[in-house]
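# A structural walkthrough
The chain contents come next:
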Amino acid sequence: MKLVVLISGRGSNLNAILDAALPVEIAAVISNRPTADGLTLARRRGIATHALDHTQYPNRADFDAALMALIDNYQPDGVVLAGYMRILTDAFVEHYSGRLINIHPSLLPSFPGIHTHARALAEGVRVHGCTVHFVTPQLDHGPIIVQAAVPVRADDTPDSLAARVLAAEHQVLPQAIRWWAAGRLVVQNDGRVNLRDADGSEQALLIYG
Ligand code: NHR
Ligand code: GAR
């Protein structure tokens, strides 16, 4: 399976994908922010990188069209949003329908969008986490592939909670890609994801402590 990974910043999820030594080819890493540390990390590993600066485009449609053209040069089987911070147009999402997944830092459908950790703390939830899902035009509402739950502690700050969730992200995103590359993910007609030949509760990771 050939993948293109989209990032916006640090790239720790990208790093987790690379460290997992998955049976996939990461053909390119693209960031909408030219200064993203994840680009440096990818370059060091000999992966083709591109910075496509969204501030240089007049609108989202033009930016996404350029992004699509860049991605399609690589003819990927899949595109992974790994900390990608720009909302994508319907045209983009439809072009990669069934070939686009995202790691989101909350237990969807709770807390779609940004600033998820601060919002989770403000609501007083006791369990938080992350979700890998197929991307659909409706933001953070696509078919759920896998989720990981982590406890929220009384003394958590958005940063301490984000760090706990991030460690969980680094486990479930490579796992989701492994399943995807093995052809085990089937989006059913009811919009739910079936994991072929699953032997239990593999699609839920529960972290205690
Ligand atoms: N696009 C679509 N159509 N559907 C999804 O499910 C998407 C998507 C684009 C990105 C990732 C998502 C996340 O996991 C994602 C899912 C960015 C924003 C956002 O508000 C929201 C959700 C996600 C990514 N971005 C602002 C924007 O104006 C910019 C915020 C910033 O730069 O800090 O694009 O959370
Ligand atoms: C991750 O927590 C990811 O879930 C989140 O940004 C972080 C990126 O970290 N994504 C979003 O918030 C998408 N809106 P990374 O660059 O180190 O992988």
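Structural notes, computed from the coordinates.

### A short note on the sheet that holds strand β5 (residues 100-104)
The strands making up a sheet are joined through hydrogen bonds of the backbone, oriented either antiparallel or parallel. With mixed pairing, the 8 strands of this open sheet are ordered in space as β3-β2-β1-β4-β5-β6-β7-β10. The strands lining the two open edges of the sheet, one partner per strand, are β3 (48-51) and β10 (204-206). Along the sheet, successive strands turn relative to each other by an average axial angle of 15°, direction set aside. With 4 bridges joining them, strand β1 (residues 2-7) and strand β4 (residues 78-81) adopt parallel strand pairing. Bridge pairing in β4 links V5 to V80. In this fold helix α2 (residues 37-44) packs onto β1, β2 (25-31) and β3, with an angle of close to 160° to the strand it touches most, β3.

### Remarks on the packing of aromatic side chains
Considering all chains together, one arrives at 3 aromatic pairs under this definition. Both rings, one in Y57 and one in F63, keep their centres 5.5 Å apart while their planes meet at 70°; by these two values the pair is edge-to-face. Both rings, one in F92 and one in Y96, keep their centres 4.8 Å apart while their planes meet at 50°; by these two values the pair is tilted. Each member of the pair, F92 as well as Y96, is classed as buried.

### With respect to the side chain of S31
For S31, the position within the fold is in strand β2. Among the residues examined, S31 registers a relative accessible area of 1% and is labelled buried. Within polar-contact distance, the side chain of S31 engages the backbone oxygen of I7 at 3.5 Å. A polar contact of 2.7 Å, which involves the side chain of S31, links it to the backbone oxygen of R33. Not counting residues up to four positions away in its chain, the partners in contact with S31 are I7, S8, A36, L39, H50, A51 and L52.

### Remarks on the pairing of strand β6 (residues 127-134)
On a regular strand, each side chain points to the face opposite its neighbour's, so the side chains alternate between the two faces of the sheet. Of all 8 residues in β6, 7 are buried; the element is thus mostly enclosed. Inspection of the sheet shows β6 paired to strand β7 (residues 144-151) by 7 bridges, in the antiparallel sense. In the strand pairing of β7, V132 is matched with V146.

### Observations regarding the site of ligand 2
Around ligand 2, the neighbouring residues are R10, G11, S12, N13, G83, Y84, M85, I103, P105, L166 and E169. Here an oxygen atom of ligand 2 sits 2.6 Å away from a polar atom, N or O, in the side chain of R10. Protein contact buries 87% of the 440 Å² of open area that ligand 2 shows by itself. Its residues assigned to classes, the shell around ligand 2 comprises 5 nonpolar, 4 polar and 2 charged.

### Looking at the pattern of salt bridges
Two side chains bearing opposite charge may form a pair once their charged atoms approach each other closely. Taken as a whole and judged by the stated rule, the model has 4 salt bridges. When the shortest N-O distance is used, the salt bridge between D156 and R164 registers 2.7 Å. For the pair D156 and R164, one class covers both residues: buried. One salt bridge in this structure joins R192 and D190, with 3.8 Å as the shortest N-O distance. The exposure class assigned to R192 is exposed, which follows from its relative accessible area of 58%. The exposure class of D190 is exposed, given its relative accessible area of 51%.

Rules used throughout
Residues numbered from 1 in each chain as written. Chains lettered and ligands numbered in written order. Predicted model: local features only at pLDDT ≥ 70, side-chain atom pairs only at ≥ 80, totals over all residues. Heavy atoms only, no water. Pairing = 2+ DSSP bridges. Helix = DSSP H or I, 4+ residues; strand = E, 2+ residues; numbered from the N terminus. Axes fitted to C-alpha atoms, helices over the stretch in contact; angles between N-to-C directions. Contact = heavy atoms within 4.5 Å. Phe/Tyr/Trp six-rings, centres within 6.5 Å; stacked < 30°, edge-to-face > 60°. Buried < 20%, exposed > 50% of the residue type's maximum accessible area, 1.4 Å probe, protein only. Polar contact = N/O pair within 3.5 Å; in protein donor to acceptor, adjacent residues only side chain to side chain. Near = heavy atom within 4 Å. Areas by Shrake-Rupley, 256 points an atom, 1.4 Å probe, with all protein chains shown as cover. Nonpolar A, V, L, I, M, F, W, Y, C, P; charged D, E, K, R; others polar. Salt bridge = Lys/Arg side-chain N within 4 Å of Asp/Glu carboxyl O.

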